[in-house]
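Listed below, chain by chain, are the residues.
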Amino acid sequence: MRISRTLPVAAVVAAAGVLSLAAVPAQAAEYSSALKVKGVQYDAPGRDSNKCSGGNTAAEYLTIKNYSKTAKVNLKGYVVKDAAGNKFTFTKSHTLEPGDYIKLRGGRGTDSDTKNVVYRQNCNFLWNNDKDTIYFYKPGGARADVHSYTKKANDRDGNGYINYHG
C-alpha cells in the first residue's frame, strides 16, 4: 500500500494564507476609522531648534484627514502618540467635514478650523528624525491608525515628509 505524502491543494492554500497573515506588520492593518494619518513632516526643514521663540517645531506636523464621503467627525478625545509614549490629546472640538484635514503642529500658536491647524502648545519635537511609530487612537481607546517609519526606508527623497493615505 502506497501512502501519498502530498496535501490537497486547498490545504496548502489555506496554510499559506495563515502564514501570510501572520507575517503582515501591524502598520499594514486597516482600522475602521474615517480619520487616518495622511502624512507626517517628521523632520522640520533646517536645523532642529525647539526654542519657543524662533524655533522650528511648528514646521513639524502630522496631517489627519477625514476619508469618509459622508460623515463629519469631531477630533475631540482623539489621541496621537509616538513610540516613546509622548502623546497629544485633542481636548477641543475640531469637526472635520468629509475630505477635510487638519495639521497637528508642534510649537505654540492659535488653533484654527478655517486654517486647518491645531498646535500642540509644546515646543519639543514629537517625531524622531531617524525612525518612529505614529499611533492614532479614537476617543474610546480603539486604534484608528498606526504607521512606523525609518528615514532610510520611507523617505527616499530625503525631504522629511512621508505620505501614507494619499
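Located above this text is the structure these notes cover.
Residues numbered from 1 in each chain as written. Predicted model: local features only at pLDDT ≥ 70, side-chain atom pairs only at ≥ 80, totals over all residues. Heavy atoms only, no water.

Here we come to the sheet that holds strand S2 (residues 61–66). Across a sheet, strands are paired by hydrogen bonds formed along the backbone, either parallel or antiparallel in direction. Taking strand neighbours across the sheet as the criterion, the five strands line up as S8-S7-S2-S1-S11 in an open arrangement whose pairing is mixed. Of all the strands in the sheet, just strand S8 (117–119) and strand S11 (161–163) have a single pairing partner and so form its edges. Here the average twist between neighbouring strands, direction ignored, is 25 degrees. Sheet analysis places S2 next to strand S7 (residues 101–105), joined by five bridges and oriented antiparallel. (Pairing = 2+ DSSP bridges. Helix = DSSP H or I, 4+ residues; strand = E, 2+ residues; numbered from the N terminus. Axes fitted to C-alpha atoms, helices over the stretch in contact; angles between N-to-C directions.)

Turning our attention to the sheet that holds strand S4 (residues 79–81). Taken in spatial order, the four strands of this open sheet run S5-S4-S9-S10, and their pairing is antiparallel. Of all the strands in the sheet, just strand S5 (87–89) and strand S10 (143–150) have a single pairing partner and so form its edges. Strand-to-strand twist of the sheet, defined as the mean angle between neighbouring strand axes without regard to direction, takes the value 10 degrees. Summarising the sheet, strand S9 (residues 131–137) and S10 pair through seven bridges and their orientation is antiparallel. Its bridge partner lying in S10, Lys131 is registered against Thr150.

All right, on to the pairing of S7 then. Side-chain direction in a regular strand flips from residue to residue, so the side chains alternate between the two faces of the sheet. Judged from the three bridges that link them, S7 and S8 form a sheet pairing that is parallel. Bridge pairing links Arg105 to Tyr119 in S8.

Here we come to the state of the cysteines. Considering all chains together, one arrives at one disulfide under this definition. One disulfide bridge connects Cys52 with Cys123, the sulfur atoms lying 2.1 Å from each other. Because the torsion about its S-S bond is 120 degrees, the bridge between Cys52 and Cys123 counts as right-handed. One end of the pair, Cys52, is in the loop between strand S1 (35–41) and S2; the other, Cys123, is in the loop between S8 and S9, with 71 residues separating them in the sequence. (Disulfide = S-S within 2.5 Å.)

Note that Val37 resides in strand S1. On a C-alpha basis, the gap between Val37 and His147 in space is 8.2 Å, while along the polypeptide they are 110 residues apart. For Val37, the residues in contact, after removing those within four places along its chain, are Leu62, Thr63, Ile134, Phe136, Asp145, His147, Tyr164 and His165. (Contact = heavy atoms within 4.5 Å.)

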